[in-house]
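# Observations on the three-dimensional arrangement
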Number of protein chains: 2
Amino acid sequence: MISDKMKDLVCGSSVVRAMFEEGKNMAAKYGKENVYDYSLGNPSVNPPIEVTEAIKRVLTENDPMYVHGYMNNSGYEAVRDKVAKSLNKRFGTSFSGKNILMTVGAAGGLNVALKTLLNPGDEVITFSPYFGEYKNYVSNFDGKLIALPPNETDGFRPDPEALAQAITAKTRAIIVNNPNNPTGIVYSEKDIIAIADVLKKKSEEHGAPIYLISDEPYRELAYDGVDVPYLTKYYDNTIVGYSFSKSLSLPGERIGYLVIPDEADGSEELLAAANVANRILGFVNAPSLMQLAVAECLDCKAAVDIYDKNRIKLYGELTSMGFTCVKPEGAFYLFMKTPEDDKAFSNEAKKLHLLLVPGSSFGCPGYVRIAYCVDYDMIVRSLPAFKELSAHYGLSK
Amino acid sequence: MISDKMKDLVCGSSVVRAMFEEGKNMAAKYGKENVYDYSLGNPSVNPPIEVTEAIKRVLTENDPMYVHGYMNNSGYEAVRDKVAKSLNKRFGTSFSGKNILMTVGAAGGLNVALKTLLNPGDEVITFSPYFGEYKNYVSNFDGKLIALPPNETDGFRPDPEALAQAITAKTRAIIVNNPNNPTGIVYSEKDIIAIADVLKKKSEEHGAPIYLISDEPYRELAYDGVDVPYLTKYYDNTIVGYSFSKSLSLPGERIGYLVIPDEADGSEELLAAANVANRILGFVNAPSLMQLAVAECLDCKAAVDIYDKNRIKLYGELTSMGFTCVKPEGAFYLFMKTPEDDKAFSNEAKKLHLLLVPGSSFGCPGYVRIAYCVDYDMIVRSLPAFKELSAHYGLSK
């Protein structure tokens with residue numbers, strides 16, 4: 001009864017989401033404290049108290065028809081101005097409100113950007129491992145996601161050579177995700193400059209711009225003082241997709257924005273098209289109350305030190321058990337090598353009530369993703385299970 | 001720089017939205033009190049006080065990670081259960097929570113339903129005049145909207161004969177909008193039975209179900225005690241799209257739901273696909289706080305008597321000035337015949353600072369839509385301009 005496209009999608013639906021649902025079922029069966037659900041990137045840190053206060057203040061101080069009414073499909077002008085000013089202050093950019101389009105989270109923003117750019121058959125390149133939804137988002141507009149092989153030998157950094165070779169006349173955009181889901185690594189300025197150089201050269205060769213879509217829901221989650229470069233400063237044809245899901249722990253609220261800078265080729269046209277795309281894809285506009293609330297909290301962020309504590313603990317414990325892990329510098333994911341096929345390993349882990357997502361869901365078999373946005377206590381409780389897993393594979397030193 | 005599809009869309013973008021933006025500019029230029037903006041269906045009645053109270057209560061009484069976190073892509077189970085129970089109580093249906101999928105407004109819901117159903121080239125039939133966005137929503141999935149000619153002689157009621165003739169082997173769904181935007185009429189039980197009979201017969205003939213998508217954002221806005229039939233009771237293969245935008249005056253919040261009943265062919269498959277479609281279209285889930293808040297307000301509605309007062313006043317005044325109007329029974333739109341080409345008439349009206357949307361935007365030239373979800377005072381202030389317009393066309397008796 002359903003469309004052909006959806007048939008494939010329902011069958012091969014999100015492994016992450018399926019595991020999240022399974023985790024809830026297992027928790028009901030075995031008790032919540034006996035299931036170690038590392039599946040979903042659902043923040044475990046409370047939103048800053050300022051968010052709740054801002055929501056209540058917005059409700060109290062404004063006309064409810066302003067707070068809950070329609071506005072320009074790109075968002076409230078006042079909110080967009082505040083976002084632009086905040087970015088300019090933080091990153092030395094020079095955006096104005098018109099460069100900002102408020103979106104239904106980063107997922108909404110990416111779909112708006114792709115609807116704006118893609119003709120059927122256009123190619124969008126990304127580096128493996130990558131957030132599995134990119135494939136679906138690109139497919140929504142009959143584009144083709146080209147996933148470059150994982151650069152395992154160089155710590156999963158983006159490989160500019162591989163990028164250059166993969167670009168064809170059909171390449172319309174590339175998507176980078178920094179800090180990265182699922183590896184937790186942060187692309188450095190050097191990485192970004194190398195990518196930008198390739199894109200500049202290839203855009204010139206092909207006589208058409210290749211857009212760089214920077215998916216940045218994890219921007220505020222970086223550790224050890226690592227710098228997360230702001231990409232519009234390195235490459236003019238950059239579209240930034242941001243979300244408050246992780247920075248303010250509001251994933252359910254679906255609030256984020258796109259940045260389309262004046263420097264981008266066809267900026268005016270892109271902004272007009274993105275405004276229309278936001279409307280006709282059915283978003284219409286980003287949720288209104290939440291737009292007004294986050295605009296009051298642009299200088300806040302959730303307590304990242306809690307994730308940092310989890311990161312240090314888990315990385316330390318797992319490596320000392322003999323597991324090989326990519327050391328995360330950002331986001332809240334740990335990418336761990338599996339001693340056998342990642343799906344088989346994930347199933348073995350599940351027997352011990354450890355829910356770990358196979359790397360093949362991210363285009364990178366041989367690893368699992370461990371989302372450590374969980375209670376510290378759950379990490380501690382889960383260690384014996386990890387130890388048993390390590391012993392099962394003879395990894396313990 | 002933008003995709004070919006978007007090029008056409010940006011050029012022919014929403015007349016309603018363009019007029020809404022123009023109205024804001026005119027208000028800045030001439031003063032808000034001197035512009036009579038009847039363009040957009042933006043509720044003019046405050047949300048019930050219960051909504052603000054519910055939002056504050058939800059924030060106060062729950063764990064913020066529950067309130068703002070991820071949940072099943074179809075929505076909170078508790079919210080879906082409450083919606084199902086409320087519908088059962090009101091309409092004698094027998095839904096359970098699993099039949100409900102919380103969506104980013106009705107626009108989000110329609111896109112989810114269409115993504116679920118349509119293969120490229122599939123046809124979706126609707127009755128003119130129709131909400132212009134249907135065309136864009138269907139086109140998002142490479143379907144084709146077939147708009148039946150306006151049934152002007154029979155008060156814009158749906159013509160079952162015309163429907164029967166338009167159905168082909170490619171017809172996958174029809175969309176009805178009741179109460180209707182832009183005519184304000186309400187399809188009666190008789191109308192609905194006639195439609196259902198055609199769909200049953202044709203589904204059987206073609207050996208495949210034709211789904212009836214009922215777009216119901218105006219359900220609670222009905223006047224003079226008119227009954228708005230609940231369509232799942234008349235036709236099994238019905239998918240209902242609902243929104244709280246008008247009933248609770250929350251259009252900016254993007255909150256609504258789909259109903260996919262057990263009786264629908266392939267119900268389980270449809271529900272699973274709609275869940276995935278909601279995720280991958282980039283909605284992910286309906287905004288979380290708002291889900292929890294509206295679930296507390298299912299028995300509330302905005303003060304419809306205010307719209308009713310506007311309706312009576314405007315219909316009375318305009319007809320007495322010699323204009324020919326469809327008498328609205330629901331929604332907050334008045335559909336008025338134009339004495340010349342509707343676009344020319346709309347421009348003439350604009351000179352008098354009256355913003356009226358040409359019927360051709362709804363597939364029905366020769367009319368304008370007047371959205372009377374405005375301040376009563378604005379209606380009163382606008383009457384001299386309408387009078388002048390009437391005199392200009394020599395309509396005054």
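The structure contained in this document is the topic of the report that follows. Along each chain, residues carry numbers from 1 onward, in the same order as the chain's sequence is written. As a convention, the first chain written is A and the first ligand written is 1, with the rest following in written order. Selection of residues for local features in this predicted model requires a pLDDT of at least 70, selection of side-chain atom pairs for listing and counting requires 80 or more, and totals for whole chains, interfaces and linings are taken over all residues. Side-chain figures throughout are based on the complete set of non-hydrogen atoms in the structure, without hydrogens or water.

Let us now look at unusual backbone geometry. The linkage connecting Ser128(A) with the following residue, Pro129(A), adopts the cis geometry, with an omega of -10 degrees. Residue placement: Pro129(A) occurs in the loop between strand S3 (123–127) and helix H7 (133–140). Residue Pro179(B) follows Asn178(B) across a cis peptide bond; omega there is -10 degrees. Within the chain, Asp224(A) stands out as a residue other than glycine whose phi angle is a positive 55 degrees. Numbering of helices and strands runs from the N terminus; a helix is a DSSP stretch of H or I covering at least four residues, while a strand is a stretch of E covering at least two. Among the structural elements, Asp224(A) can be located in the loop between strand S6 (211–215) and strand S7 (238–243). The buried label goes to any residue with under 20% of its type's maximum accessible area, the exposed label to any with over 50%, and the partly exposed label to all in between, with areas taken from a 1.4 Å probe on protein chains only. Assessed through its relative accessible area of 61%, Asp224(A) is described here as exposed. A positive phi angle, near 65 degrees, is found at Phe156(B), a position not held by glycine. Checked against the element boundaries, Phe156(B) lands in the loop between strand S4 (144–148) and helix H8 (160–166).

Next up on the list: the sheet that holds strand S12 (residues 357–358) of chain B. By definition, the strands of a sheet pair up through backbone hydrogen bonds, in either a parallel or an antiparallel sense. All names here are of chain B. If you trace the 4 strands from one edge of the open sheet to the other, you get S9-S10-S13-S12, paired in antiparallel fashion. The open sheet is flanked by strand S9 (325–326) and S12, the only strands paired with a single partner. We call two strands paired when DSSP finds no fewer than two bridges between them. As judged from the 5 bridges shared by strand S10 (residues 333–337) and strand S13 (residues 367–371), these two strands associate in the antiparallel manner. Bridging across to S13, Lys337 finds its partner in Tyr367.

This paragraph deals with the relation of the copies chain B and chain A. The transformation that overlays chain B on chain A combines an axial shift of 0.0 Å with a rotation of 180 degrees, and the residual RMSD is 0.0 Å. Between the two chains, the operation in question is that of a two-fold axis. Contacts are residue-level and defined by heavy atoms, with any inter-residue pair within 4.5 Å sufficient. Most of the interface of chain B is mirrored in chain A, where 100% of its interface residues are also at the interface. We superpose the copies by least squares over the C-alpha atoms of residues that have a pLDDT of at least 70 in both of them.

Attention now moves to the interface of chain B and chain A. Taken together, the contact between chain B and chain A spans 83 residues of the former and 83 residues of the latter. In total, about 6400 Å² of surface goes out of reach between chain B and chain A, with carbon and sulfur atoms giving 55% of it. Values labelled buried area give the accessible surface lost by two parts on being combined, using a 1.4 Å probe and summing over both. The largest per-residue losses of area from chain B upon contact with chain A belong to Met1(B), His68(B) and Tyr70(B), which jointly make up 13% of the total buried on that side. Salt bridges are defined by distance alone: a side-chain nitrogen of Lys or Arg within 4 Å of a carboxyl oxygen of Asp or Glu. For the pair chain B and chain A, the number of links is 2 salt bridges.

Take the packing of helix H12 (residues 304–320) of chain A against helix H14 (residues 376–392) of chain A next. Residue and element names in this part refer to chain A. Orientation is described by axes fitted as lines to C-alpha atoms, over the contacting stretch for helices, and by angles from 0 to 180 degrees between their N-to-C directions. Look at H12 against H14: their axes get within 10 Å of each other, and the N-to-C directions meet at 10 degrees. The angle between H12 and H14 places the two elements in the roughly parallel class. Along the contact surface, H12 presents Lys309, Asn310, Lys313, Leu314, Glu317 and Leu318, while H14 presents Tyr376, Ile379, Val380, Leu383 and Phe386. Nonpolar residues are Ala, Val, Leu, Ile, Met, Phe, Trp, Tyr, Cys and Pro. Charged residues are Asp, Glu, Lys and Arg, and all others, Gly as well, are polar. Among the residues forming the contact of H12 with H14, the class breakdown is 7 nonpolar, 1 polar and 3 charged. An angle below 35 degrees is read as roughly parallel, one above 145 as roughly antiparallel, one from 65 to 115 as roughly perpendicular, and any other as oblique.

With that out of the way, let us pick up empty space enclosed by the protein. Using protein atoms alone on a 1 Å grid, points that fit a 1.4 Å probe yet trap it form a cavity, whereas open point sets bounded by protein on both sides within 12 Å along at least five of seven lines form a pocket; residues with an atom within 4 Å of a point count as lining. Grid points are joined across faces, edges and corners, and a volume is the space filled by probe spheres set on the points. Taken as a whole and judged by the stated rule, the model has 5 cavities of 30 Å³ or more. If you add up the space inside the largest cavity, you get close to 40 Å³. Lining the largest cavity we find Glu253(A), Pro287(A), Leu289(A), Met290(A), Glu253(B), Pro287(B), Leu289(B) and Met290(B). If you list the elements that add at least two residues to the lining of the largest cavity, you get helix H11 (288–294) of chain A together with helix H11 (288–294) of chain B.

Before going further, it helps to examine the environment of Gly207(A). Secondary-structure assignment places Gly207(A) in the loop between helix H9 (189–206) and S6. Relative accessible area serves as the criterion here: at 66%, Gly207(A) is assigned to the exposed category.

Further remarks concern the packing of aromatic side chains. Two rings belonging to Phe, Tyr or Trp (six-membered ring only in the last case) form a pair when the distance between their centres is within 6.5 Å. Interplanar angles under 30 degrees mark stacking, angles over 60 mark edge-to-face geometry, and anything in between is tilted. Throughout the structure, instances matching the rule amount to 40 aromatic pairs over all chains. Here the aromatic rings of Phe127(A) and Tyr187(A) are separated by 6.5 Å at their centres, their planes lie at 90 degrees, and the arrangement is edge-to-face. Of this pair, Phe127(A) sits in strand S3 while Tyr187(A) sits in the loop between strand S5 (171–177) and H9, and the two are 60 residues apart along the sequence. We note that Phe127(A), like Tyr187(A), is buried. Between the aromatic rings of Tyr307(B) and Phe332(B), the centroid separation amounts to 5.1 Å while the plane-to-plane angle is 65 degrees, which identifies the pairing as edge-to-face. You can see Tyr307(B) sitting in helix H12 (residues 304–320) and its partner Phe332(B) sitting in the loop between S9 and S10, a full 25 residues away along the chain. Grouping aromatic residues by their ring pairs yields a cluster made of Tyr38(A), Phe323(A), Phe345(A), Phe386(A) and Tyr393(A). One residue, Lys309(A), lies across the ring of Tyr376(A), its end atom 4.0 Å from the ring centre. Whether a charge lies above a ring is judged from NZ of Lys or CZ of Arg, which has to be within 6 Å of the ring centre and within 35 degrees of the ring normal.

All right, on to the packing of helix H6 (residues 105–117) of chain A against H7(A) then. All names here are of chain A. Interaxial distance between H6 and H7 falls to 9 Å at its minimum, and their mutual angle equals 40 degrees. In terms of orientation, H6 and H7 fall into the oblique class. In this structure, the crossing between H6 and H7 has a hand that is right-handed. Of H7, the residues touching H6 (which contributes Ala107, Leu110, Asn111 and Leu114) are Tyr134, Tyr137, Val138 and Asn140. Per-class residue counts for the contact of H6 with H7 are 6 nonpolar, 2 polar and no charged. Helix crossings are classified by the rotation of the near helix relative to the far one: an anticlockwise turn of less than a right angle makes the crossing left-handed, while a clockwise turn makes it right-handed.

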